[in-house]
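Inside the fold
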Amino acid sequence: MIAVGALLHAKQLSRSPFEIATALIVPVVQATLAVYLFRAGGEPGRLLEAAVGAGLMGIWSSVLFGSGGAIQNQRWQGTLEMIMLAPRPPALVVLPITLATALTGTYAMLATLAWGRLLYGIPLTFADPLAFAVAVPGCIISLGMFGLLLASTFVLLRNANALTNTMEYPIWLVSGMLIPITALPGWTGPIGAVLPTTWGARAVREAATGSGPVWPSLGICLAISVACLALGALMMTHVERRARAAATLALA
Amino acid sequence: MSEHAIEAVGLRRTYRSRTGWLRPQRREVQAVRGVDLTVGNGELFGLLGPNGAGKTTTIKLLNTLLIPTAGEARICGFDVVRQTREVRRRIGYVFGGDRGLYDRLSARDNLRYFAELYGVPGREQKRRIAELFELVRLTGRENDRVEGYSRGMRQRLHIARGLLHRPRVLFLDEPSIGVDPVAARELRQTVADLAATGTTVLLTTHYMAEADELCGRIAVIANGAIQALGTPAELRHHADGRQVLEVEAYGVSDAQLALIHALPGVREASVVVTGAAQVLTVQSDAGVDVQADVLRALDGVRLGRVTARRPTLEDAYVAIVNRVDAQARPAEAVGV
Ligand SMILES: Nc1ncnc2c1ncn2[C@@H]1O[C@H](COP(=O)(O)OP(=O)(O)O)[C@@H](O)[C@H]1O
Ligand SMILES: [Mg+2]
């Protein structure tokens, strides 16, 4: 059920003209951004790392706007009530949606890499292609699970968009998707350490550049995500009840 | 098996909302104020009322989308608040309007997704979906995206979706809203077929004729409470002792309508615009001949056909709903 749901939601998402336009433009911008940032920093050797980081940002944006936006969209479409009416735990109903957003986000990663190669000649030589091929889907699944936690807030709040907008950039930064964590002020460390995005980004980077062992980071990333999933599931059940009491499943 | 498909006792629902950030205004709307309802297995029951009467709220209280502020309800014997999942397994919900489907997916993908969600076993899905396309007469259009569907086709797909898991009780909230007359007739046929197979149907509508044609029993709801309940024949008695005068006219003013309303013997007076003409309907006590008085009040207005007739179910409905309007409405908004 989760697989069919995620696939069909990915289909629905990927057919939106707005999504398609965004998906075409954003990776170019991100690849460019990454390249110039690192050139300015005088580290041309780390271009691949930059491109991978930019791709991860794309996945994160997709999950964040996706899990928020998807719930909001479902509210607009009137499908939120219909899916919540299913005789299933609400978490199981929403998880496919957040997974779908991560899935469509993967495209952002691939596109960013492709543009980086095409426009800037970044060599796509991965230190450990196999690990990279595992780390990226692992990262996607874990972000999807993290998305569930986010989504639970959106089921309850009718205008949670403000929240999404404020969460995009800080998480890019704190998770070290673009700038190495070591370059950030110390107080961000603990925050970064509990976010699955940090560990996911690290695993993907390590696989791409060979800068460290991939599996421990990926393991931690998945572990945190499973915890998020459990927490998200609890939240979701609670939130669903609250939403029924407060009448926020429908628009009006 | 419970002998009643739907039971509701003292059902109430108040919406609380806050508007404004700087000077928050709290608003309370009592949408449903004590509804008692019992619907037997296999019955086709109508909930009839004007816009804002509380029909949708009542349905959402029964189908677990809203938690009642007070009162209790059971579907097939299961409590809607405590036994949510048991209830959801047994109900289907279909509402009118364009929303509620995934537009960019094909009709088949829509049904496949909801079949998964509602727990239709994998090996049965294909057959069930084909069967439903047949039932709602969409065979041949299964693979088209829903965004290309007409209003009537969407509504039929909606119904197919609501029936995927063979619900015992089907809630239909104004299914014919915005559907053209031909499609509406087909829709009624589909609903009648369904009821014939033993599914309990709770249908809301604000079209009297639709309720009359389909429903075995009708509850007239207005202002959040049930005002009358019975078979169409029983409801017709609410207009007993009255007669109806219908006048085709061009340009009746509000002042003239008020004047007619105040005439001795007149119970109701309303104007409906049909094309270029207006139709003035006046209900009066059967013993009083008001025709001469009414025509005098319409002095100077160009008139068409004038007909005197016996009251219909529609007239009874108007009488019931207007009786409620005439009573002083309790204050709805409370400023804090
Ligand atoms: N989510 C909501 N928040 C506040 N008021 C609402 C909400 N939904 C409905 N209402 C109000 O409750 C009353 C009954 O609405 P509803 O049940 O939709 O009536 P109907 O379906 O008969 O047209 C109306 O006055 C409506 O404005
Ligand atoms: Mg309604």
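Calculation notes
Residues numbered from 1 in each chain as written. Chains lettered and ligands numbered in written order. Predicted model: local features only at pLDDT ≥ 70, side-chain atom pairs only at ≥ 80, totals over all residues. Heavy atoms only, no water. Helix = DSSP H or I, 4+ residues; strand = E, 2+ residues; numbered from the N terminus. Contact = heavy atoms within 4.5 Å. Pairing = 2+ DSSP bridges. Axes fitted to C-alpha atoms, helices over the stretch in contact; angles between N-to-C directions. Buried area = accessible area lost by both parts, 1.4 Å probe. Salt bridge = Lys/Arg side-chain N within 4 Å of Asp/Glu carboxyl O. Polar contact = N/O pair within 3.5 Å; in protein donor to acceptor, adjacent residues only side chain to side chain. Nonpolar A, V, L, I, M, F, W, Y, C, P; charged D, E, K, R; others polar. Patch = residues over 30% accessible without salt bridge, like charges linked within 9 Å, V, L, I, M, F, W, Y side chains within 5 Å. Areas by Shrake-Rupley, 256 points an atom, 1.4 Å probe, with all protein chains shown as cover. Buried < 20%, exposed > 50% of the residue type's maximum accessible area, 1.4 Å probe, protein only. Domains from an automatic or database assignment. Parallel < 35°, antiparallel > 145°, perpendicular 65-115°, else oblique. Left-handed = near helix turned anticlockwise from the far one by under 90°. Near = heavy atom within 4 Å.

Turning our eyes to something else, we now look at the overall build of chain A. Per the secondary structure count, chain A includes ten helices and zero strands. When the helices and strands of chain A are listed from N to C terminus, the series reads α-α-α-α-α-α-α-α-α-α. Sequence separation of at least 24 residues holds for 80% of the intrachain contacts in chain A that already meet a minimum separation of 6.

Moving on, we get to the sheet that holds strand E6 (residues 91-95) of chain B. Residues and elements named next belong to chain B. Judged by pairing direction, the sheet is mixed, and its six strands sit side by side in the order E6-E7-E8-E3-E9-E10 without closing on themselves. Both outer strands of the open sheet, E6 and strand E10 (225-230), are each paired with one neighbouring strand and no more. Each neighbouring strand pair of the sheet contributes to a mean axis angle of 15°, computed without reference to strand direction. Relative to strand E9 (residues 217-222), strand E3 (residues 44-48) is paired through four bridges, and the arrangement is parallel. Across the sheet, residue Gly 46 finds its bridge partner in E9, namely Ile 218. Packed onto the sheet, helix H5 (residues 151-163) meets E6 and strand E7 (169-173) and runs at close to 165° relative to E6.

What follows covers the interface of chain A and chain B. Contact residues are listed per partner, giving 34 residues for chain A and 34 residues for chain B. When the two sides are added together, the surface that chain A and chain B hide from each other amounts to roughly 3300 Å², 55% of it contributed by carbon and sulfur. At the junction of chain A and chain B, the tally comes to two salt bridges. A salt bridge links Lys60(B) to Glu81(A); its shortest N-O distance comes to 2.9 Å. Seen at the junction of chain A and chain B, the total is 14 residue pairs in polar contact (both at pLDDT 80 or more). Contributions of two or more residues to the side of chain A that touches chain B are made by helix H1 (2-14), helix H3 (47-77), helix H4 (79-84) and helix H10 (214-246) of chain A. When residues of the side of chain A that touches chain B are assigned to their parent elements, the largest contribution, six residues, is made by H1(A). For the side of chain A that touches chain B, the class distribution of residues is 18 nonpolar, eight polar and eight charged.

Another aspect to go through is a nonpolar patch on the surface. Residue and element names in this part refer to chain A. A cluster of nonpolar side chains, Trp 115, Leu 118 and Leu 119, forms an exposed patch at the surface whose accessible area comes to about 310 Å². Its location among the elements puts Trp 115 in helix H5 (residues 90-120). A residue is classified by how much of its surface remains accessible, and Trp 115, at 31% relative accessible area, is partly exposed.

Let's shift gears to the domain arrangement of chain B. Assigned domains within chain B: domain 1 (4-236) and domain 2 (241-310). In this structure, domain 1 of chain B and domain 2 of chain B have C-alpha centres spaced 37 Å apart.

Residue and element names in this part refer to chain B. Interhelical geometry of helix H3 (residues 107-117) versus H5 gives an angle of 25° and a closest axis separation of 9 Å. Judged on the interaxial angle alone, H5 and H3 are roughly parallel. Handedness of the crossing formed by H3 with H5: right-handed. Taking contact as the criterion, the partners of Ala 107, Leu 111 and Phe 114 in H3 are, on H5, Leu 157, Ala 160 and Arg 161. For the contact of H3 with H5, a count of residues per class yields five nonpolar, no polar and one charged.

Moving on, we come to the pattern of salt bridges. Residue and element names in this part refer to chain B. Applying the stated criterion across every chain yields a total of 26 salt bridges over all chains. Between Arg 16 and Glu 28 there is a salt bridge; the shortest N-O distance is 3.2 Å. Taken together, the positions of Arg 16 in strand E1 (residues 4-19) and Glu 28 in strand E2 (residues 25-40) put the pair twelve residues apart, joining distant regions of the chain. Exposure remark for Arg 16: the relative accessible area of 55% places this residue in the exposed category. When salt bridges with common partners are traced through the structure, they connect Glu 124, Arg 128, Glu 131 and Arg 166 into a single cluster.

This part is about the site of ligand 1. The environment of ligand 1 is made up of twelve residues, and the closest members are Gly52(B), Gly54(B), Lys55(B), Thr56(B) and Thr57(B). Nearby residues around ligand 1 are contributed by chains A and B. Here an oxygen atom of ligand 1 and a backbone polar atom of Gly54(B) are 3.0 Å apart. Lys55(B) has a polar backbone atom sitting 2.8 Å from an oxygen atom of ligand 1. Coverage of ligand 1 by the protein chains reaches 72% of its 560 Å² of free accessible surface. Among the secondary structure elements, those contributing two or more residues to the shell around ligand 1 are E2 and helix H1 (55-62) of chain B. Examining the composition of the shell around ligand 1, we find that three residues originate from one element, H1(B), more than from any other. Grouping the constituent residues of the shell around ligand 1 by class yields six nonpolar, five polar and one charged.

Time to look at the pairing of E10(B). In this structure, E9(B) lies alongside E10(B), joined through five bridges in antiparallel fashion. Residue pairing for E10(B): Ala219(B) is matched across the bridge by Leu229(B).

Once that is clear, we can look at the side chain of Ser142(A). All names here are of chain A. If you trace the backbone, Ser 142 turns up in helix H6 (residues 129-156). Given a relative accessible area of 0%, Ser 142 falls into the buried group. A polar atom in the side chain of Ser 142 sits 3.4 Å from the side chain of Ser 225. When near neighbours in sequence (up to four residues on either side) are disregarded, Ser 142 contacts Cys 221, Leu 222 and Ser 225.

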